[in-house]
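# Architecture at a glance
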Amino acid sequence: GQNIDQPTEMTATEGAIVQINCTYQTSGFNGLFWYQQHAGEAPTFLSYNVLDGLEEKGRFSSFLSRSKGYSYLLLKELQMKDSASYLCAVSHLLMNSGYSTLTFGKGTMLLVSP
Amino acid sequence: DTAVSQTPKYLVTQMGNDKSIKCEQNLGHDTMYWYKQDSKKFLKIMFSYNNKELIINETVPNRFSPKSPDKAHLNLHINSLELGDSAVYFCASSQDLRRIDAGELFFGEGSRLTVL
């Protein structure tokens, strides 16, 4: 099966930098995704890592180490609107098929205060 | 134009009733999903269809029956609703599940189901 761990909650101050960690155990690893979900809204795609290293996209960066089963999402210059739940999700191959599926972690609720 | 649209947005019903949620995507994607998000905000896959073919059917009670008339539509019918079915149900779509980047999902706005 798949096991994905991320902190339940984090708090940070506007303008600061925060790092949200995610560790996972899976077979047939296909990639790691981060999603953002504001309260009462649908999740939206943030980033995708399939190779080791850092992917930067504006204020958000995501890092992956496949050997360690570890990823983090780095948010810089935090803004109040970044208060949301951040979901780590692992893509993995379904057994005996050419299909993959996405399993979500339980999400990290980030609260940004003034 | 909404990419993934689902209706209704809110459903309040009594235990034992049957209800349906409809979903449509205009992104030309091959794969559609139903996810359930419970009160603890855990997002769990229920079903996925790839070109109208059922690919994933997680341990979901038989009372839940998905139907995909074509690859742009995936509906969810729920029989004999129970209190524990109260949740937000999200429809989503993506590229073909055989693609490595198929994990980029586009979600609908969600349908909040409350069973009384």
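Refer to the structure above for everything that follows.
Report follows, based on the coordinates. (Residues numbered from 1 in each chain as written. Chains lettered and ligands numbered in written order. Predicted model: local features only at pLDDT ≥ 70, side-chain atom pairs only at ≥ 80, totals over all residues. Heavy atoms only, no water.)

Here we take up the state of the cysteines. Residue and element names in this part refer to chain B. Within this structure, the stated rule accounts for 2 disulfides over all chains. The disulfide partner of Cys-23 is Cys-91, and the gap between their sulfur atoms is 1.8 Å. With the S-S dihedral at roughly -80°, the linkage between Cys-23 and Cys-91 falls on the left-handed side. Placement of Cys-23 in strand 3 (residues 19-25) and of Cys-91 in strand 9 (residues 87-94) is noted, with a sequence separation of 68 residues between them. (Disulfide = S-S within 2.5 Å. Helix = DSSP H or I, 4+ residues; strand = E, 2+ residues; numbered from the N terminus.)

Residues and elements named next belong to chain B. On the basis of which strands lie adjacent, the open sheet formed by 4 strands has the order 1-3-8-7 and antiparallel pairing. With one partner strand each, in any of the chains shown, strand 1 (4-7) and strand 7 (64-70) form the two edges of the open sheet. When the angles between neighbouring strand axes are averaged without regard to direction, this sheet yields 15°. Both strand 7 and strand 8 (residues 73-78) contribute to a ladder of 5 bridges, which runs antiparallel. Paired with Ser-65 across the two strands is His-77, which belongs to strand 8. (Pairing = 2+ DSSP bridges. Axes fitted to C-alpha atoms, helices over the stretch in contact; angles between N-to-C directions.)

To continue, consider the pairing of strand 11 (residues 108-113) of chain A. Residue and element names in this part refer to chain A. Because side chains alternate across strand 11, one face comprises the buried residues Thr-108, Leu-110 and Val-112, and the other comprises Met-109, Leu-111 and Ser-113, none of which is buried. Note that strand 2 (residues 9-13) and strand 11 share 5 bridges and pair parallel. Looking at the pairing, Met-10 lines up with Leu-110 of strand 11. Bridging between strand 9 (residues 84-93) and strand 11 involves 3 bridges; their strand directions are antiparallel. Residue Ala-84 lies in a different strand from strand 11, and its bridge partner there is Leu-110. (Buried < 20%, exposed > 50% of the residue type's maximum accessible area, 1.4 Å probe, protein only.)

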